[in-house]
Structure formats: C-alpha cells, structure tokens
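# Summary of the model geometry
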Amino acid sequence: MPPRKADPEPDMGQIALFALREAPDAFKKAVQVVHSQPKAPLSLLQRKLGNAWLKNAVENPPDPSGWWEIGIRQLSRTIGFDSNNREYLKESAEALMRVIHEWDVLAPAGNRVQWKASVLFPEIEIRQDVIRYQISSQMRDRLIDPDVYAVIDMTVVRRFRRAPSLAIWELCVRFEKIGRTAEIGWEKLRDMALGESAEAKTYQEYKYFKAKVLKPAIAEINSESNHTIALVERKDGKRVTSLRFEIQRKGMVQGPQEPTTPDHIELVAELATFRVPASEAQRLVKQHPAEAVRAALEYTRRRMKDSKSAPLANPAAYFRQALVGRYAEGQPAAKPVPTVKPAQQAAVDLREAYLAHWTVEAERYFAELEPADRDGYVERYNAKQTTGMLRLGKRTSRLAVTSFHRWLAVEVWGEPDEESLLAFAAQALAKPSQA
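Residues numbered from 1 in each chain as written. Predicted model: local features only at pLDDT ≥ 70, side-chain atom pairs only at ≥ 80, totals over all residues. Heavy atoms only, no water.

In this section: the pattern of salt bridges. Within this structure, the stated rule accounts for 20 salt bridges. E176 is the salt-bridge partner of R249, the closest N and O atoms lying 2.8 Å from each other. With R249 in strand 11 (residues 239-249) and E176 in the loop between helix 7 (163-174) and strand 9 (184-185), this residue pair connects regions lying 73 residues apart in the sequence. E176 shares its class with R249; the two are buried. Taken together, the salt bridges that share partners define one network made up of D63, E69, E125, R127 and R132. (Salt bridge = Lys/Arg side-chain N within 4 Å of Asp/Glu carboxyl O. Helix = DSSP H or I, 4+ residues; strand = E, 2+ residues; numbered from the N terminus. Buried < 20%, exposed > 50% of the residue type's maximum accessible area, 1.4 Å probe, protein only.)

Next comes the structure, spelled out in structure tokens:
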C-alpha cells in the first residue's frame, strides 16, 4: 500500500514557523477565569471560543451598547477552526450562554470576599459573517484590564485537541514564573478541567481520572505547548489527596526562575540598567560565572566612558559581545582572513557570515524569553516596518520571520563593528585547529 499523503495544513493565512511554530499571539487572561469552575462540561471548541472572545475584548473596545464583535473568518483563524460547518460553530457559541462559572475557586478562603458565579457570555448574536457578544457585568472590568493574569498564547491554544489539556495548560501558565502550581485537591482539578460532568461515575476514583484524563493531557501539553510539566501527587497513606504540577518553559535552564543569591539578584538589577530583558538577565547569571558577568559589565562601562571612541549606540549589545567573547580577559589577536577576493568583498562576506551566525542564534534567544519580553521585541520590530508583508501577526510570512530574526540579531548583539568582526573571524578560523 502506498504511503498515505499528509493532510494539508489548515489555511490560517499561511502562518510561518516562528519561535516554536508561529508568531506569538498572546493576551492577558484574568486569573478569575483561569481558576474558574464551569458548572457544565466545556468542549474544546467552546474553550477556544471563550479565549478568542476574551482576547478580542481585551484588545478592542465595545460599542456604545456594550457589545463586542468579531468577524467569523477572523475568529476561525484565531482558534484554528478550519471547518465550513457554521452550524456547529453556532451551536457551540449558543451553548456557552448556558454555562455558569464559579469564579476564582483556587483563591484562599481569606481572600475571597464573596462567592461569585455567572455566565461569562450572557448574550450572543450572529449577523451574517459577524459574531456579537456581551460579557458578564459582574466580571467585565476585571476581565478587560486584569490585575492578575496568565499570558495565554493563541498559537499554542490552536494546537490542542483535548479540552482538559487546554484547561490544565492554562492553570500551569498562570504559575510559570514560580515553577510550580499551588496544590489542588484532585476532585477540584477534575471539576475545573471537565466541568461538573466529572461527577459521572467514571471519574469518582482518582486512578480512572489519572489514566483517562491526566496522563493524556500531560502528554499533549509536553508535546504541543511551549512548556513541559510533571505531575506531583500528595498522598494520605495510599490515597491521593491533592496534586500539583512542576512547570518548565522549553529552552530555559533548569532551576528556579528567579535568581536565588544576593550576588545574582544584584547582577540582574545591574543588567536591567543596560535594558537587558529580565528573563535573559536571569538566564545569563545562571549560565555564566558571576565574575565573568561582572567583568563584562565593567568592560562595557569603560568602553562607554572612552571619549576617544565613537559613542556606544547599544550598550546591551556590546555587553553581550563582551561576555561571550571574553573581552575582559583580553581578545586573542585575530588571524588574517585569507585574501582570496578583493579586500572590500571579503569584508562584505565576513559581515554576512557574522549576521547569518547571529540570526540563527537570535531564533534560539527569542524562544527562551518570557512572553512579555518576546512581545516587546515584536512590537518594536513591527513599529519599524513600513511594508505590511514584513510585519509579524496572524498572517506572518516566512520572509517576515527571517527579517525579524535578522533584525533581532542586530538589536541584541549590535551592528557588526571592526572589533566584533575580527573576533568572529578569529573564532571561525580557530575552529578547525581545535577539532
């Protein structure tokens, strides 16, 4: 039998691979919703619809009557709904109007001023190719401008194929910076992930809930999201009473997310004065000896004060070069570049090789940043683009992705000057002799 051809990917604007798979498409989801307990089961499509509507509400004001609207084509792209079955979409939207949520069920008892429950989207209309909806008056202000939230990336939401996976992933994202979730009674987690249909006889025992829901959800999260999670069980004798998840963003070094010693905390604070993103600063002080980071900082400060040299346009970029190239230790003399071409052309080729190298590194660097830091770079890049096809968004082209990574390489490590080019050439020429 001939091999089966792969199914064509859904047309979502020909989104190019970016970071892990697509350009970030994130919004701030209020913790009251992330930690809510639906009183009825929510399908995967309903959970995705809810996210898309909340994202649209966070990013766009309502009309004077308090209604938000979103085009069905845009909505379908946002959630990855590639079916033409509008009736199914309509039925799922209608069902959301009947689902009551108990809000913020994980808040400590002392912090819960009062018990609150309501329908999240009490009214919905479909007019030709537009969906219009309202948000619960009880929760609207908190949802539109949340004080405490999880950063939910719709590029990840689109990948999930199981509703419990999405619910558990959102819970974990909320605790990403801490590295672990709070402990939750397993029945409470069951009801949050499945709705109160979880009271069905099938999941009255933890072993069945773990086998049928938790294990497949954890496997999907670890496969499809930007995180890896691990289940930790608390037992009373042989009986499991509560659960928590250990969380690690892919590409990040192991260990606590925050610096843990006074020396590290001081270094992170110093790096912040150079406008190094917080997540990168935390990673650098873990990956490099404190003495090396401090020496590179001091080397950069001396360079900034050097009145005989041109002013540094990007001190953070110079610091990174000084740290990686060990400038403070004294750079080895650069070996001469073979003159197989005219000197001017050789210089152009060297610059292109330098940029190509750091463009690849920029892609890795970007994937290791926290969402807020990534969003900052994307916003700054897009603000500089006068050509729409080079901007990053829902219809990102491969050309835009390449352009972004090349821009990011210069933004992070700086325009290649003579010093950095000579150091790059010396390292490149030294590699064969080290093999």
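Right, let's get into the environment of L390. When you line up the elements, L390 lands in the loop between helix 15 (371-384) and helix 16 (398-413). Not counting chain neighbours up to four residues away, the residues in contact with L390 comprise Y381, Q385, L399, A400 and S403. (Contact = heavy atoms within 4.5 Å.)

Tracing the chain through its elements places M97 in the loop between helix 4 (86-96) and strand 4 (100-102). Residue M97 is classed as partly exposed on the basis of its relative accessible area, which comes to 28%. Through-space distance from the C-alpha of M97 to that of L120 is 7.4 Å; in sequence the pair is 23 residues apart.

The next point concerns the layout of surface pockets. The volume enclosed by the largest pocket comes to roughly 860 Å³. As for the largest pocket, its lining consists of 39 residues, and the residues nearest its centre are A26, F27, V151, P371 and D375. For the lining of the largest pocket, the secondary structure elements donating two or more residues are strand 1 (26-30), helix 2 (44-59), strand 8 (149-153), helix 7 and helix 15. Partitioning the lining of the largest pocket into residue classes produces 19 nonpolar, 4 polar and 16 charged. (1 Å grid on protein atoms, 1.4 Å probe; cavity = no way out; pocket = protein on both sides within 12 Å on 5 of 7 lines; lining within 4 Å. Points joined across faces, edges and corners; volume = space filled by probe spheres on them. Nonpolar A, V, L, I, M, F, W, Y, C, P; charged D, E, K, R; others polar.)

The subject of this paragraph is unusual backbone geometry. Of note, D104 is a non-glycine position whose phi angle comes to about 50°, a positive value. Within the fold, D104 resides in the loop between strand 4 and strand 5 (117-119). Overall, D104 belongs to the buried group, its relative accessible area being 19%. Positive phi is not limited to glycine here, since Q128 has a value of about 55°. The residue Q128 is located in the loop between strand 6 (124-127) and strand 7 (130-133) in this model.

Applying the stated criterion across every chain yields a total of 16 aromatic pairs. Three or more aromatic residues joined by ring pairs form one cluster here, namely Y365, F366, Y377, Y381, F404 and W407. The lysine or arginine in question, R174, covers the ring of F175, its NZ or CZ lying 5.1 Å from the ring centre. Positioned above the aromatic ring of Y318, the side-chain terminus of R303 is 5.8 Å from the ring centre. (Phe/Tyr/Trp six-rings, centres within 6.5 Å; stacked < 30°, edge-to-face > 60°. Lys NZ or Arg CZ within 6 Å of the ring centre and 35° of its normal.)

Before going further, it helps to examine the sheet that holds strand 5. Read from one edge to the other, the open sheet built from 3 strands follows the order 2-4-5, with strand pairing classed as antiparallel. Across the chains shown, the open sheet's two edge strands, defined by having one partner strand only, are strand 2 (37-38) and strand 5. Of the strand pairs in this sheet, strand 2 and strand 4 are connected by 2 bridges, and their pairing is antiparallel. Note on strand 4: the bridge partner recorded for P38 is H101. (Pairing = 2+ DSSP bridges.)

The subject of this paragraph is the nonpolar core. Counting 64 residues, the largest nonpolar core has W53, F121, Y133, I135, I168 and W169 as its most contacted members. Among the elements that line this core, the one with the most residues is helix 7, at 8 residues. The residues contacting I135, other than those within four sequence positions of it, are L54, A57, W68, L120, F121, P122, R140, L143 and I144. (Core = buried A, V, L, I, M, F, W, Y, C linked by side-chain atoms within 4.5 Å.)

For the pair helix 7 and helix 9 (residues 206-224), the least separation of the axes is 9 Å and the interaxial angle reads 70°. Between helix 7 and helix 9, the angle is such that the two are roughly perpendicular. Considering the relative orientation of helix 7 and helix 9, their crossing is right-handed. Where helix 7 approaches helix 9, its residues P164, S165, I168 and W169 are matched on the opposing element by V213, L214, P216, A217, E220 and I221. Residue composition of the contact of helix 7 with helix 9, by class: 8 nonpolar, 1 polar and 1 charged. (Axes fitted to C-alpha atoms, helices over the stretch in contact; angles between N-to-C directions. Parallel < 35°, antiparallel > 145°, perpendicular 65-115°, else oblique. Left-handed = near helix turned anticlockwise from the far one by under 90°.)

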